[in-house]
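# Inside the fold
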Amino acid sequence: MVMETTSAAATDKIRCDACPVMCYIKPGAAGACDRYANDDGKLVRVDPHIILERTVSQGGRLVPFGSSEDWDGKIVHEPSTFVTAIGAGTTYPDYKPAPFIVSSEVDGVDMVTVVTEGIFSYCGIKVKIDTDRYLGPETATVRAQGEAVGHVTTSEYGSQMLSLGGVHHLTGGSKKEGRVTCDTLMDLANCKAVELTIDGGARVVVQAGQPPIVNGAKEERMRVGCGSATIGMFAKQWHGKVDEVVVVDDHITGVLSEHQAGKLLDIADTGIKMKGRRSTPGRYFQVADPGTGWGGTNISDPLAILGPFDPKEARPGLSMLMVSTTGEHSSYYVLDEALKPVETEMPDDLKFSVERIQENCEPALCTVLFMAGAGGSLRAGVTDNPVRLTRSVKDALTRVTSGGAPVYVWPGGGITYMVDVTQMPAGAFGYVPTPALVAPIEFTMKLTDYAALGGHMDYVKPLAEVRGGNDVRQLPWQNPIPGPRA
């Protein structure tokens, strides 16, 4: 894609102005970002401009319903083509209009989509890792190739959250820290695997849409619930088959006989004594330290969290199931004459209940969300009065997408958005060595609304003109993306 024509001879270097680095590029060579090149004295975009095309799935016969006209298989009438910002180019310097401002008609309404590849210094990655295993203390530094690239945030229900990137890691540290942070963010955003280490914690391999690998072990499932929730879910299935059940969990360990679920089922007291801090009946906190053992604790022997059984209530032959919140760990015990638990072969009906816990655990995956703030250069590329674009987005008059994928726009000032990278076309993210990430962003609205917010109307071109370019690549629209329909 020709971005700018220069008067330089084909044998001379040309200067790229697509980002603040301002590379001098030899003929036939690419700039530092590998995104722009010198083609016979012209600055060109190396990658093709991506257009998403809705296509009918192959292999099946489509039967029209309720209409005598030919039917293309669409349940709802949607525009068939959406112009993404992938491969479009940037707006740098800030006063330049967006590379493509494309008009189209949707259901008789004139629409416009403004596309640009944003240069984001203020960006990062939010990672959700489905695991009960201890990854590291909250606020601990997360490293890639030994460099600090982020930190551990809160644990959520069966998942551990990481916050990676941000302007302080990209530009506020050493050159190596900025480079490694940029590489890490781009690889994660492009759905590649990245190995991270956490200070005082684990080594974890993260890849969007794939199971996490913690200390070399691939995680298979996320927990069905905390220990207390597991008691509530499966108490009826244990009733009459075992005297006591302990669901081991780093956060809330559950005890069946003391739990409200057990009380309602008239399960008798067993004299069990738990270590840790008692909460409400049948719920215990801090039974062990966090770790990669049973239920996200550091124990390998579940009996370590028990004290002596109370002889006033316990009896020889009393049975007990101990199980983790994923069903990965389980053991069956019977009290001997001294009221000490002795591990015994688990009955088949209890094996079935453990398998049922495992069945109710969802697959463990890594979720990668790219998060960025659309600043002045992006908004100036859309309109000569940038605040109007912000207000238009907040008023839902303008739809924001990233590579055609839907985004979540945060409330409050500015245009701060998040996008699931697995919904975007492959290779949607690039970089510039400032360092900063380059990500696609599209603004779609009615043509009349675009004119009202001070849009660059002189640069609007019809969709047919964009589709006809030699450097345009059409991809199938595989995700349920609304495109220009808000």
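Everything discussed here concerns the structure shown above.
In this numbering scheme, every chain counts its residues from 1 along its sequence in written order. At least 70 in pLDDT is required for a residue's local features to be given in this predicted model, at least 80 for side-chain atom pairs to be given and counted, and no such filter applies to totals for whole chains, interfaces and linings, which use all residues. Only hydrogens and water are set aside when side-chain values are computed; all heavy atoms of the structure are taken into account.

Our next topic: the pattern of salt bridges. Side chains that differ in charge, positive against negative, can pair when their charged atoms come close. Between Lys or Arg on one side and Asp or Glu on the other, a salt bridge is scored when a side-chain nitrogen of the former is within 4 Å of a carboxyl oxygen of the latter. Counted by the stated rule, this structure contains 15 salt bridges. Put simply, Glu-117 and Arg-45 hold a salt bridge, and the shortest N to O gap is 2.8 Å. Taken together, the residues Glu-117 in strand β9 (residues 109-120) and Arg-45 in strand β5 (residues 42-45) connect sequence positions 72 residues apart. Considered together, Glu-117 and Arg-45 belong to a single accessibility category, that of buried residues. Between Asp-130 and Lys-128 there is a salt bridge, and its shortest N-O distance comes to 2.7 Å. Here the salt bridges do not stand alone but share partners, grouping Asp-132, Arg-223 and Asp-249 into one network. Here a strand is any run of E in DSSP of at least two residues, a helix any run of H or I of at least four, and the numbering for each starts at the N terminus. Throughout, exposure labels follow a simple rule: accessible area from a 1.4 Å probe, protein chains only, divided by the maximum for the residue type, with under 20% read as buried, over 50% as exposed, and the rest as partly exposed.

Residues enter a nonpolar core if they are buried and are Ala, Val, Leu, Ile, Met, Phe, Trp, Tyr or Cys, with the set joined through side-chain atoms within 4.5 Å. In this structure, Leu-164, Leu-196, Phe-370, Phe-429 and Phe-443 are the most contacted members of the largest nonpolar core, which totals 61 residues. We call two residues contacting when some pair of their heavy atoms lies within 4.5 Å. Aside from chain neighbours lying at most four places away, what touches Leu-164 is Gly-124, Ile-125, Val-127, Val-142, Val-149, Gly-150, Leu-185, Leu-188 and Leu-196.

Of the residues making up helix α7 (residues 386-394), those classed as buried are Leu-389, Thr-390, Ser-392 and Val-393. Taken down its axis, α7 places every buried residue within 160° of arc, on the same side. At the exit of α7 stands Ala-396, carrying a positive phi of roughly 65°. Note that the arc is defined by the directions from the helix axis to the C-beta atoms.

Residues lying three or four places apart along an α-helix face the same way, a consequence of the helix completing one turn every 3.6 residues. To estimate the expected span of a helix, count its residues, drop one, and scale the result by 1.5 Å. If you check helix α5 (residues 348-359), its first and last C-alpha atoms are 16 Å apart, about what twelve residues at 1.5 Å a residue would give, namely 16 Å. For α5, every residue scored as buried is listed here: Leu-350, Ser-353, Val-354 and Ile-357. Take α5 and look down its axis: the buried residues cluster within an arc of 100°, on one side only. Exposed side chains of α5 directed beyond 90 degrees from the buried face belong to Asp-348 and Glu-359. At its buried positions, α5 is contacted by α3 (227-238), β22 (319-324) and β23 (330-335).

Here we take up unusual backbone geometry. Cis peptide bonds are those with omega within 30 degrees of zero, and the linkage from Thr-434 to Pro-435 qualifies with 0°. In this fold, Pro-435 is placed in the loop between β30 (430-432) and β31 (436-446). Located in the positive-phi region is Cys-191, a residue other than glycine, with phi close to 65°. Note on placement: Cys-191 falls in the loop between α2 (175-189) and β14 (194-198). With phi around 50°, Asn-215 is a residue other than glycine that occupies positive phi space. Following the sequence through the fold, Asn-215 ends up in the loop between β16 (213-214) and β17 (217-218). On the accessibility criterion, Asn-215 (40% relative accessible area) is partly exposed.

Let us now look at the side chain of Arg-133. By secondary structure assignment, the location of Arg-133 is in the loop between β10 (123-130) and β11 (141-144). In the analysis that follows, any N or O atom pair within 3.5 Å is treated as a polar contact, provided that within protein one partner can donate a hydrogen and the other can accept it, and provided that, for residues neighboring in sequence, both atoms belong to side chains. A polar contact is formed between the side chain of Arg-133 and the side chain of Glu-328, at a distance of 3.0 Å. Sequence-distant contacts of Arg-133, defined by excluding residues within four places in its chain, comprise Val-214, Glu-219, Gly-291, Thr-292, Gly-296 and Glu-328.

A large share of β9 lies buried, amounting to nine of its twelve residues. Bridge analysis of strand β8 (residues 100-106) against β9 gives seven bridges, and the strand direction is antiparallel. Of the residues in β9, the one forming a bridge with Ser-103 is Val-112. Hairpin connection of β8 to β9: two residues between the antiparallel strands, including Asp-107 at a positive phi of 50°. Pairs of strands are assigned from DSSP output, requiring at least two bridges between the strands.

Moving on, we get to the packing of aromatic side chains. The geometry of an aromatic ring pair is captured by the separation of the ring centres together with the interplanar angle, meaning the angle of the planes. The pairing test for Phe, Tyr and Trp rings, Trp by its six-membered ring, is centres within 6.5 Å, and the orientation test on the planes gives stacked under 30 degrees, edge-to-face over 60, and tilted for anything in between. Taken as a whole, this structure holds six aromatic pairs when the rule is applied. On the basis of an interplanar angle of 70° and a centroid distance of 6.0 Å, the ring pair of Phe-120 and Phe-370 is categorised as edge-to-face. In this pair, Phe-120 sits in strand β9 while Phe-370 sits in strand β25 (residues 366-374), placing the two residues 250 residues apart along the sequence. In this pair, the class of Phe-120 matches that of Phe-370, namely buried. Through a chain of ring-to-ring contacts, three or more aromatic side chains come together here, namely Phe-120, Phe-370, Tyr-417 and Phe-429.

In this description, a disulfide is simply a cysteine sulfur pair whose atoms lie within 2.5 Å. Enumeration over the complete set of coordinates arrives at zero disulfides. Note on Cys-19: no disulfide assigned, nearest cysteine sulfur contributed by Cys-23 at a separation of 6.1 Å.

Once that is clear, we can look at the sheet that holds strand β13 (residues 159-165). Pairing in this open sheet of eleven strands is antiparallel, and the strands run β17-β16-β15-β14-β11-β12-β13-β10-β25-β29-β28 from one edge to the other. Edge positions in the sheet fall to β17 and β28 (408-409), since each has one partner strand and no second. Pairing geometry for β10 and β25, over seven bridges, is antiparallel. In the strand pairing of β25, Cys-123 is matched with Ala-372. Seen against the sheet, α2 touches β10, β11, β12 (147-156), β13, β14, β15 (203-206) and β25 and runs at an angle of roughly 50° to β12. An axis is simply a line fitted to the C-alpha atoms; with a helix, the fit covers only the stretch in contact. Between two such axes, the angle follows the N-to-C directions and lies from 0 to 180 degrees.

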